[in-house]
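# Fold and contact review
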Amino acid sequence: MKKLPYKTLEGYLLNIENYFKKVKKYPEIGCGSFRVVLQETSKTVIKIPIDDMGITCNLIENLMFKDYNESGILAKCDLFYFRKIPILRMEYVTHWKETGIPKNKLPKWANKIDHIQVGVNSKGKVVCFDYAHNWDVILGQKLKINLISMTF
Ligand SMILES: Nc1ncnc2c1ncn2[C@@H]1O[C@H](COP(=O)(O)OP(=O)(O)OP(=O)(O)O)[C@@H](O)[C@H]1O
Ligand SMILES: [Mg+2]
């Protein structure tokens, strides 16, 4: 029987991560529980899943941005596929703690985002950069959206 090149999904994803790090020379700027984040350009990062949950997060964030970008509180993102894996490209944001903005000067919704994962984008806007797990906050903020009018 032909040997599979990778024994696990995690191994397959690690190989993709190494491709972007070693061949494309994108430096790592962050790592969460599900995705590793590499600097692609001065304005963009890419989020590479490290497991199945990371793949789900990428797909969900992309869908959320498409549906709720007009809320104005989501970091801009888009998806591309590399070796059949969905990779999220997102606008680079500066973490709010690095900007000197005091916590009490952040918009109200920001404190509801878990671990206040918000930053400032190139337009000076405060946006959320990790929103796959924050449906409730985003929907709440987006009261302008009539849930009944949501189309799937
Ligand atoms: N758009 C961005 N611009 C700059 N840095 C970012 C951006 N998105 C993520 N990061 C950095 O990468 C880290 C990991 O990203 P993210 O939180 O999206 O991953 P995750 O695996 O979903 O994390 P979690 O464990 O919080 O669910 C962040 O904590 C942050 O430091
Ligand atoms: Mg995170």
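Here, every reference points to the structure presented above.
Summary of the structure given here.

Conventions used here
Residues numbered from 1 in each chain as written. Chains lettered and ligands numbered in written order. Predicted model: local features only at pLDDT ≥ 70, side-chain atom pairs only at ≥ 80, totals over all residues. Helix = DSSP H or I, 4+ residues; strand = E, 2+ residues; numbered from the N terminus. Buried ≥ 20, exposed ≤ 12 C-beta atoms within 10 Å, placed from the backbone. Pairing = 2+ DSSP bridges. Near = placed C-beta within 6 Å. Expected span 1.5 Å × (residues − 1). Axes fitted to C-alpha atoms, helices over the stretch in contact; angles between N-to-C directions. Contact = placed C-beta atoms within 7 Å.

### Overview of the overall build of the protein chain
Scanning the protein chain from N- to C-terminus turns up four helices and eight strands. Listed by position from the N terminus, the elements making up the protein chain come as α-β-β-β-α-β-β-β-α-β-β-α. A burial count over the protein chain gives 27% of its 152 residues as buried.

### Regarding unusual backbone geometry
A positive phi is found at Lys-25, a non-glycine position, where the angle reads about 60 degrees. Counting through the fold element by element, Lys-25 comes out in the loop between helix H1 (9-23) and strand S1 (28-31). The backbone of Ile-116 sits at a positive phi, close to 45 degrees, despite the residue not being glycine. You can see Ile-116 is positioned in the loop between helix H3 (96-99) and strand S7 (118-120).

### Some points on the sheet that holds strand S8 (residues 126-128)
Across the sheet, which stays open at both edges, the three strands sit in the order S6-S7-S8 with antiparallel pairing between neighbours. Looking at which strands have only one partner, the edges of the open sheet turn out to be strand S6 (94-95) and S8. As judged from the three bridges shared by S7 and S8, these two strands associate in the antiparallel manner. In the strand pairing of S8, Val-120 is matched with Val-126.

### Some points on the site of ligand 1
Not every one of the 18 residues close to ligand 1 is listed here, only the nearest: Gly-30, Gly-32, Ser-33, Val-37 and Asp-130. Elements with a minimum of two residues in the shell around ligand 1: S1, strand S2 (35-39) and strand S3 (44-49).

### Quick notes on the pairing of S1
Summarising the sheet, S1 and S2 pair through three bridges and their orientation is antiparallel. Each bridged residue has a counterpart across the sheet, and for Cys-31 the counterpart in S2 is Val-36.

### Some points on helix H2 (residues 52-68)
Look at H2: 24 Å from first C-alpha to last across 17 residues, which is about the 24 Å you get at 1.5 Å a residue. For H2, the set of buried residues is Gly-54, Ile-55, Cys-57, Asn-58, Glu-61, Met-64, Phe-65 and Tyr-68.

### As for H1
Here H1 contains 15 residues, and its C-alpha end-to-end distance of 21 Å stays within 8% of the 21 Å for a straight helix at 1.5 Å per residue. Where H1 ends, the next residue or the one after it, Lys-25, has phi of about 60 degrees, a positive value.

### Overview of the pairing of strand S4 (residues 77-82)
Successive residues of a regular strand alternate their side chains across the two faces of the sheet. In the sheet, S4 pairs with strand S5 (residues 85-91) via six bridges, with the strands oriented antiparallel. Directly across from Cys-77, in S5, lies its bridge partner Met-90. Following S4, the chain reverses through two residues before pairing antiparallel with S5; Arg-83 in that reversal takes a positive phi of roughly 50 degrees.

### Regarding the sheet that holds S4
The sheet built from five strands is open, its strands ordered S1-S2-S3-S5-S4 with antiparallel pairing. Looking along the sheet, the strands with just one partner apiece sit at the ends: S1 and S4. For this sheet, the mean angle separating the axes of adjacent strands, direction not counted, is 25 degrees. Those strands touched by H2 are S2, S3, S4 and S5, and its axis lies near 50 degrees from that of S5.

Coordinates in, geometry out; function isn't part of it.
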